[in-house]
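# Secondary and tertiary structure notes
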Amino acid sequence: MAPLAHPSIKDGWFREISSQWPGQAMTLKVERILHVEKSKFQDVLVFRSTTYGTVLVLDGVIQCTERDEFSYQEMISHLPLASHPNPERVLVIGGGDGGVVREVLKHDAVKKVVLVDIDEAVVRVSKQYLPHMSKLLDDPRVTVHIGDGFKYLADAAAAGDSSLYDVIVTDSSDPVGPAESLFQAPYFQLLHNALAPGGTISTQGECQWLHVPLITELLKSTRKIYAQSTYAFTTIPTYPSGQIGFIIASKDGERDLTKPLRKVPNTRYYNEKVHSAAFVLPEFVRARLEDGKDLKAEFSEVPSKWTAKSDGKEKTVLLLGSGFVAKPAAEYILRNKKNKLIVACRTLTTAESFVSQFASPNASAISLDVCSSSALENAIESHSVDLVVSLIPYTHHADVIKAAISVTNKRSSPVHVVTTSYVSQAMKALEEEAKKAGVVVMNEIGLDPGIDHLYAVKTISEVHEKGGKIKEFYSYCGGLPAPECSGNPLGYKFSWSSRGVLLALLNNASFIQNSQKLSVPGSELMQHARPYYISPAFAFVAYPNRDSTPFREWYKIDGEGEGQTVVRGTLRYQGFPEFIAVLVELGLLDGEEKAWLKEAAAEQWTWAKVTQKLLGAADDKESTLISSVTSRVTFPSSSEQSRIISGLKWIGLFSFTPVAVRGNNLLDTLCARLEQLMKYEDGERDLVMLQHKFIVEWRDGSTDTITSTLEAYGIPQGDSAMATTVGVPCGIAVQLVLDGVIATPGILAPYTPEICDPLREILESEGLGLIEKVL
């Protein structure tokens, strides 16, 4: 039996990272993991902390710990019950751990408690691991109902159930997933309907340090329904920011909810003075909730020599696309409080979902069809856009540039453009129009292309300044799963389009070697992969990528005796090229439509039958198919044959799994399969490895080998390394264009020190950049 593990626990520490409290996290040292399961509704984790005892975690968020749970359970229960004159009947929604029920039964007046929790796993697990909280769930006064709290109330109302409650406590998790409906007006109305005259509710009301806008809305909703509603809070170390609040609302508008009517025995946090004090709010919260004034702290701008040219005016940025690299770029742009960010996607819901991550008043969402030039121009013009960030497929960039130039020509200020893509011929053709209009189009500023340029230009310029020559230049980059996450036959996982990844393996490649231009057809690209040493920790292979030959000129290593070898390429783990070569040889990367695949889709063929048809095998038995593969493919060795055949089994090519035909071609159909098998799982991380190698000859005839290396890892449950290394440079470029640091009109790429230096210096201040060594 494998030891228990959980993606939120790394290196012996639990990390609570959530978009609900961006930029901060709670960590606890783990003694041992006690329980892990995926219930019908949520991820359930129980572990033993070295300092907080047993901890219950739902969907990655701490629900309770043995050390501090009492502060929450006591306050959410005793604030409504102690201020009620006679709380006989109590309904608890959520709270399957039993903590609220335990506190409720400390009131002698209580005769009946009904607990409704949507997830039986919470009740079951709490009885096993948190008995001090759950022991009273078996009390004869308590009825436990497993089901949706909202539905329970709605069904009771529809059935004409006249049972009314004196107090209803909603002990819910945060307003996402199964608990989302418990923070909305219809739910509060159902609670109101289920209350006896003078009844009171208490609901989990979120954190005043993080969620004041949500608290404001909760009060607004409840005050429309109840005679009175107010906010109180408690402190608890393991909840976000060490604080959590409650919405306390009552049908009785005359009752003073801040005054307890009786003492509560056997408490560890709650007492009469704490009861009253819980309603006394810090001024920044009181001012916002009662006066509508926002007294939040204003962050100072970090000074930089590169912002000196900024005119200090507000700028509007239109971001096209919300793919995986867009988030770090958007976050960087929103750091500057003078920037307004508009995110445009084909569907408004997609754009709104993306924008909701930032909780920024400067971010908004619109729907936009970028295929419509008139709609694109209208969006730029109507929103007074100063700069467009195009993170959509590169085929649209020329149209975006045309729209920016068109709008610029109608007004007095230019609309600039930033992309992370290589400059295409269609984009280059707009050079003179962009210059004439005064439009800056900054491109190739992601990872590769992008960061690679910044450090190639740096080292080459420094060598030239010292009178040296770059005899050979090698640059290899790979976006890979981190070693511990790479355990599949290809050693690879998809962080972007699977089709794009596989098609790139068929691109022709050209490079310079020993002053000769060499070309490799895409069909033979994998045969040219060779082991490439960066450090003893990695077994990399490298192969050339696209056309490296222009970089001899662009990087200015085309002088006499320079650039005798110039190669830019891709890194993969050992074993990848051989596997891909077999897929190519079998025809599985063929993007041409096949009539017989339409038949396969209609008749729901298995993968074995598809493979039989592809290979012309006699039948679809596994042994027959393997024999057909081995007769058709030349393997490097018997051990490689065994490894790759096992990998083909892993893909399912010989299985009776139904095939999901996509696009009526083998390439897309294979993609559909691999996307399921080779996706990043929750808690996994990626690796970006980029290295330049310069063979330098100095004036005295001596030589050096200089390397510049980036080794970056993604953050589990956070941004991937690829997203960060593409998105952050893009965001930096946007700000430099807005500030007028990059100000030369035309179609630009970072091939000169004037452009590269500020980009690189700011990038390094973000903790990104290459480490240089002389070997």
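Structure report, in brief. Just so it is clear, the model here is predicted, and its values are computed rather than measured.

It is worth spelling out the sheet that holds strand β4 (residues 43-49) at this point. Strand order in the open sheet formed by six strands is β1-β2-β3-β4-β5-β6, and the pairing between neighbours is antiparallel. For this open sheet the edge positions go to β1 (9-10) and β6 (61-65), each flanked by a neighbour on one side alone. As paired elements, strand β3 (residues 26-38) and β4 share seven bridges and run antiparallel to each other. Within β4, the residue paired with Arg32 across the bridge is Arg48. Packing against the sheet, helix α3 (residues 120-129) makes contact with β3, β4 and β5 (53-58), and its axis sits at approximately 115 degrees to β3.

Consider a sheet: its strands pair through backbone hydrogen bonds, and that pairing is either parallel or antiparallel. Spatially, β16-β15-β14-β17-β18-β19-β28 is the arrangement adopted by the seven strands of the open sheet, whose pairing is parallel. Bordering the open sheet on either side are β16 (363-367) and β28 (746-748), each of which pairs with just one other strand. Averaged over neighbouring strand pairs, the angle between their axes works out to 20 degrees when direction is ignored. Bridge count for strand β15 (residues 339-345) against β16 is five bridges, and the pairing is parallel. Within the sheet, the bridge partner assigned to Ile342 lies in β16 and is Ser364.

This paragraph deals with the packing of aromatic side chains. For the coordinates displayed, the defined rule picks out 20 aromatic pairs. Taken together, a centroid distance of 5.2 Å and an interplanar angle of 35 degrees make the contact between Phe14 and Phe47 tilted. A residue pair is termed long-range when its members are at least 10 positions apart, and Phe14 in strand β2 (residues 13-16) and Phe47 in strand β4 qualify at 33 residues. Both residues of the pair, Phe14 and Phe47, count as buried. With centroids separated by 5.0 Å and ring planes inclined at 80 degrees, the aromatic side chains of Phe551 and Trp554 adopt a geometry described as edge-to-face. Residue Phe551 and its partner Trp554 are both found in helix α18 (residues 551-554); the two are separated by three residues, about one turn of the helix. On the basis of relative accessible area, Phe551 is assigned to the buried category, the value being 4%. Across from the ring centre of Phe576, 5.5 Å away, lies the NZ or CZ of Arg572, which sits over that ring.

Calculation criteria
Residues numbered from 1 in each chain as written. Predicted model: local features only at pLDDT ≥ 70, side-chain atom pairs only at ≥ 80, totals over all residues. Heavy atoms only, no water. Pairing = 2+ DSSP bridges. Helix = DSSP H or I, 4+ residues; strand = E, 2+ residues; numbered from the N terminus. Contact = heavy atoms within 4.5 Å. Axes fitted to C-alpha atoms, helices over the stretch in contact; angles between N-to-C directions. Phe/Tyr/Trp six-rings, centres within 6.5 Å; stacked < 30°, edge-to-face > 60°. Buried < 20%, exposed > 50% of the residue type's maximum accessible area, 1.4 Å probe, protein only. Lys NZ or Arg CZ within 6 Å of the ring centre and 35° of its normal.

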